[in-house]
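These are the residues of each chain, in order.
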Amino acid sequence: MNIFYGTGVAMVTPFQEDGQVDYDGLRNLIEHLIDGGVEYLVSLGTTGESATLSEAERKQVWAFTAQVVNKRVGLVAGIGGNNTHEVVEQVKAFNIEGYDAILSASPHYNKPTQEGIYQHYKAIAQNAKLPVILYNVPSRTGSTVSAETTVRLAKEFKNIIGIKEASGNFDLFNQLMRDKPEDFLFISGDDPVTLPMMALGGVGVISVIGNALPRQLSDMVRLLLNNDYRGAQKAHFDLIEFTRLMFTEGSPAGVKTALKQLGICGDTVRLPLVQVSEKTAGAIAGELKKLVPATV
């Protein structure tokens with residue numbers, strides 16, 4: 001089975017209280033996720049606060065992550081931006097050792113046309129040494145990758161292998177699933193709707209909540225891959241409130257709070273993000289006691 005069938009986790013980047021990258025915390029997180037049964041990890045996606053890391057920090061995090069993972073699970077690097085030339089240079093310079101694919105969000109802020117989005121990804125595909133997974137997340141980028149543009153890219157570039165879809169637009173999902181190449185991967189990028197997206201034919205999720213609850217989430221996703229929707233529904237409903245709390249005061253602040261409560265790493269985030277309120281932290285602790293009573 002393709003390594004991108006199942007559960008991927010968009011890993012947080014742990015920080016020390018002074019804001020420096022916490023590599024011991026990152027090692028703990030990686031081991032927690034692998035022990036939790038996930039199929040692959042994503043290093044320095046949006047959840048990894050990649051926008052506030054320097055180029056030197058990103059290179060060090062990528063290298064450290066590949067070393068610790070040591071090919072035990074799949075590994076994806078988040079490389080994106082709104083300057084196509086700069087993104088292409090980063091893709092060309094990226095050390096692919098230990099990595100299986102690149103995840104690249106569509107350009108933020110510029111609000112390109114569909115042709116601009118197509119040309120952006122075309123430039124990446126023509127220069128990438130690894131397979132490319134598109135990432136459609138309009139809530140962060142300010143523009144949508146249409147189903148037509150995704151299908152066009154999927155058909156024209158064999159190394160564009162899938163899309164992480166976080167638009168929440170089921171009209172778009174329907175068109176995409178109807179028209180895409182059979183082997184093009186449709187991946188949920190939105191934890192609350194992973195179940196219905198997989199019911200449409202999605203192959204899994206790239207998750208935020210999986211940082212904290214890799215076992216619970218990956219078990220649910222495997223039930224879905226085995227067409228056990230009744231079993232998956234129970235798991236889905238069990239996770240609803242925890243999932244809601246992860247995004248109540250922004251991501252990854254919520255899931256970093258859960259990770260601190262689980263003893264994996266600290267909850268420090270870099271400005272302009274801030275830590276969650278005491279009220280939300282208390283609610284997260286209450287949900288964790290229900291979901292992992294032996295650990296909290």
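The name given to the chain in an unreviewed UniProt entry is 4-hydroxy-tetrahydrodipicolinate synthase, with Mucilaginibacter oryzae as the source organism. On record in UniProt, under Sequence similarities (unreviewed entry), the comment for the chain is "Belongs to the DapA family." According to UniProt, the comment filed for the chain under the heading Subcellular location (unreviewed entry) is "Cytoplasm".

UniProt records the feature "binding site: pyruvate" (unreviewed entry) at Thr-47 and Ile-206, using the numbering of this structure. Despite a sequence span of 160 residues, these residues sit close together in the fold, their greatest C-alpha distance being 10.5 Å. With respect to the element layout, Thr-47 can be found in the loop between strand S2 (40-43) and helix H2 (55-69). Dropping the residues within four chain positions of it, Thr-47 is found in contact with Ala-10, Met-11, Val-12, Thr-13, Val-208, Asn-211, Ser-251 and Pro-252. Tracing the backbone shows Ile-206 in strand S8 (residues 204-207). The class for Ile-206 is buried, based on a relative accessible area of 2%. When sequence neighbours within four positions are dropped, the list of residues in contact with Ile-206 reads Gly-8, Ala-10, Tyr-40, Val-42, Leu-103, Lys-164, Ile-187, Ser-188 and Gly-189.

To continue, consider the pattern of salt bridges. One pass over the structure, following the stated rule, counts 15 salt bridges. In this structure, Glu-55 engages Lys-59 in a salt bridge whose closest nitrogen and oxygen atoms are separated by 3.5 Å. One end of the pair is Glu-55 and the other is Lys-59, both in helix H2 and four residues apart, which spans about a single turn. Two residues, Lys-71 and Glu-97, come together in a salt bridge whose shortest N-O distance is 3.8 Å. Pair noted here: Lys-71 is in the loop between H2 and strand S3 (74-78) and Glu-97 is in the loop between helix H3 (84-93) and strand S4 (101-105), with a separation of 26 residues, a long-range link.

Of all five residues making up S4, four are buried, and the element is well covered by its neighbours. Bridge count between S3 and S4: three bridges; the pairing is parallel. Across the sheet, residue Gly-78 finds its bridge partner in S4, namely Leu-103. Tracing the backbone out of S3, into H3 and back to the parallel element S4 gives a crossover that is right-handed.

Packing of helix H10 (residues 229-248) against helix H12 (residues 278-291) brings their axes to within 10 Å, and their N-to-C directions diverge by 155 degrees. Classified by the angle between their axes, H10 and H12 sit roughly antiparallel to one another. Here H10 and H12 pass one another in a crossing that is left-handed. Taking contact as the criterion, the partners of Asp-238, Leu-239, Glu-241, Phe-242, Leu-245, Met-246 and Thr-248 in H10 are, on H12, Thr-280, Ala-283, Ile-284, Glu-287, Leu-288 and Leu-291. Classifying every residue of the contact of H10 with H12 gives eight nonpolar, two polar and three charged.

Looking now at the sheet that holds S3. Read around the closed barrel, eight strands run S1-S2-S3-S4-S5-S6-S7-S8, paired in parallel fashion. The mean inter-strand angle of the sheet, taken between neighbouring strand axes irrespective of direction, is 25 degrees. As defined by bridge partners, strand S1 (residues 6-10) adjoins S2 across three bridges and the pair is classed as parallel. Bridging across to S2, Val-9 finds its partner in Leu-41.

Moving on to the nonpolar core. Counting 82 residues, the largest nonpolar core has Leu-41 and Phe-242 as the members making the most contacts within it. When sequence neighbours within four positions are dropped, the list of residues in contact with Leu-41 reads Val-9, Met-11, Ile-30, Leu-33, Val-69, Val-73, Gly-74, Leu-75 and Val-76. Phe-4, Val-76, Ile-187 and Val-203 belong to the second-largest nonpolar core, a separate cluster that totals 16 residues.

Rules and cut-offs
Residues numbered from 1 in each chain as written. Predicted model: local features only at pLDDT ≥ 70, side-chain atom pairs only at ≥ 80, totals over all residues. Heavy atoms only, no water. UniProt positions renumbered as here; feature names shortened; annotations may be inferred. Helix = DSSP H or I, 4+ residues; strand = E, 2+ residues; numbered from the N terminus. Contact = heavy atoms within 4.5 Å. Buried < 20%, exposed > 50% of the residue type's maximum accessible area, 1.4 Å probe, protein only. Salt bridge = Lys/Arg side-chain N within 4 Å of Asp/Glu carboxyl O. Pairing = 2+ DSSP bridges. Right-handed = clockwise from strand over helix to strand, strands pointing away. Axes fitted to C-alpha atoms, helices over the stretch in contact; angles between N-to-C directions. Parallel < 35°, antiparallel > 145°, perpendicular 65-115°, else oblique. Left-handed = near helix turned anticlockwise from the far one by under 90°. Nonpolar A, V, L, I, M, F, W, Y, C, P; charged D, E, K, R; others polar. Core = buried A, V, L, I, M, F, W, Y, C linked by side-chain atoms within 4.5 Å.

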